[in-house]
Every structure is written in structure tokens, then in C-alpha cells.
Amino acid sequence: MPRRPASGSSACRMRGASSWLSATALLSLTLLSACFGGPKSSSDLTAPRNHLLAEDRGASGGEDTLKGGVNAYLWRATLDTLSFMPVATADAEGGIILTDWYTPPATHDERFKITAFILDRRLRSDALRLSVFRQAKQDGEWVDTPTAGNTGSDIAARILSRARKLRADNGNRDD
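About the cut-offs
- Residues numbered from 1 in each chain as written.
- Predicted model: local features only at pLDDT ≥ 70, side-chain atom pairs only at ≥ 80, totals over all residues.
- Heavy atoms only, no water.
- Core = buried A, V, L, I, M, F, W, Y, C linked by side-chain atoms within 4.5 Å.
- Buried < 20%, exposed > 50% of the residue type's maximum accessible area, 1.4 Å probe, protein only.
- Helix = DSSP H or I, 4+ residues; strand = E, 2+ residues; numbered from the N terminus.
- Contact = heavy atoms within 4.5 Å.
- Phe/Tyr/Trp six-rings, centres within 6.5 Å; stacked < 30°, edge-to-face > 60°.
- Lys NZ or Arg CZ within 6 Å of the ring centre and 35° of its normal.
- Pairing = 2+ DSSP bridges.

**Focus on the nonpolar core**
By size, the foremost hydrophobic cluster in this structure holds 25 residues, and its most contacted members are L74, I114, L128, L130, I155 and I159. Residue assignment for this core shows that the elements contributing at least two residues are α3 (72–81), β3 (110–118), β4 (128–138) and α4 (151–169). Top contributing element to this core by residue count: α4, with six residues. Setting aside anything within four residues of it in sequence, one finds I159 in contact with L74, A77, T78, T81, L128 and L130.

This is the structure we're talking about:
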């Protein structure tokens, strides 16, 4: 004779677990749909605030208007003087010129890289700062080595000379 399951049997527990799982799934879907509410209108979004622009006083800290850029003669002279090297990055607003590694044709076991900073809108010798990097090949690896002491100053002198010539060719105008 077949036995009837008692009221606390596994069949009843299965129905209870199934109901509980269904309720949990329904609750999860309800909560999840609340997170992805309908489309938002543009009035619901906060507009970006450029509060820093109102506070900026320029690079020197005193101007009421934003100013940028560098001395055009120094910029052009630097690009002209370093034109034999491949330029990796040039930013006229920030006054930075980064070259890529350059290997002179006469030597294949050394290479150079230059970073030029133009620091002022005026044509002055202290408005130009150069960093010259040199690497030599040793055992198949490029190794940082110091440059000759006057390398950076020689290149800077050529840049400044070229910038003065460009200004003279322009009637000594600074515009």
C-alpha cells in the first residue's frame, strides 16, 4: 500500500522553497528596476560648474584675464634649431617641445633627446630652459650617460641667436 507523505515531508518543503525563491527573484527585479528608472530629462541633470575659471588669476597670479602662450620668436627659433631631430610633442600654449631620440649619422652607438621649456612671453635668455639627454649603447643596451657640459648651453645660445634674428627680421616688434 502506498504511503502518503506527511505534512512536513520534503514535497511540502520543496513547494515552500520554490515560493521563497520566486518571491526573492520578484523582489530583486523590483529593486533592480528602481535603479534604472526611466529616462532623465535635461532639467534633472546638474550642469557642470566651472567655478575654478572664475578664480584663476593667470600664471603670474595677478591678471584678471587668462593669458597663455609663449614668446613666438623663441618658439619658432627652438623648432628651427631642433628641426634635425624628430619632434615627439610640441605644445605652444604650455611652451614645451619634446624630441624623440635622435642618432647622429656619424655614430650609431649614441643617441640624444632634448626637452625645451619656454617659460616667458618675453624674449629673454632666462625664458628658455633645455634638458639634453644622452644614451650610449653598451653590450646591446642603451645606458644613460652624461652629456658634455656645454651641450645644453651651446644649443640654447643658437636658439636665442635665431630668435633675435627672427625678431630683427620682423622690425623688432614683439607682436
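That shown, we press on.
**Structural notes on the packing of aromatic side chains**
Here the structure, examined in full by the defined rule, presents one aromatic pair. One cation-aromatic arrangement involves R111 over W101; the distance from NZ or CZ to the ring centre is 4.6 Å.

**Description of the pairing of strand β2 (residues 96–99)**
A one-sided burial pattern is seen for β2, the buried positions being I97 and T99 and the unburied ones I96 and L98. Pairing analysis gives four bridges linking strand β1 (residues 87–91) to β2, with the strands arranged antiparallel. Bridging from a neighbouring strand, T89 pairs with L98 of β2. Counting the residues in the hairpin turn of β1 and β2 gives four residues, including G95, whose phi is positive at 75 degrees.

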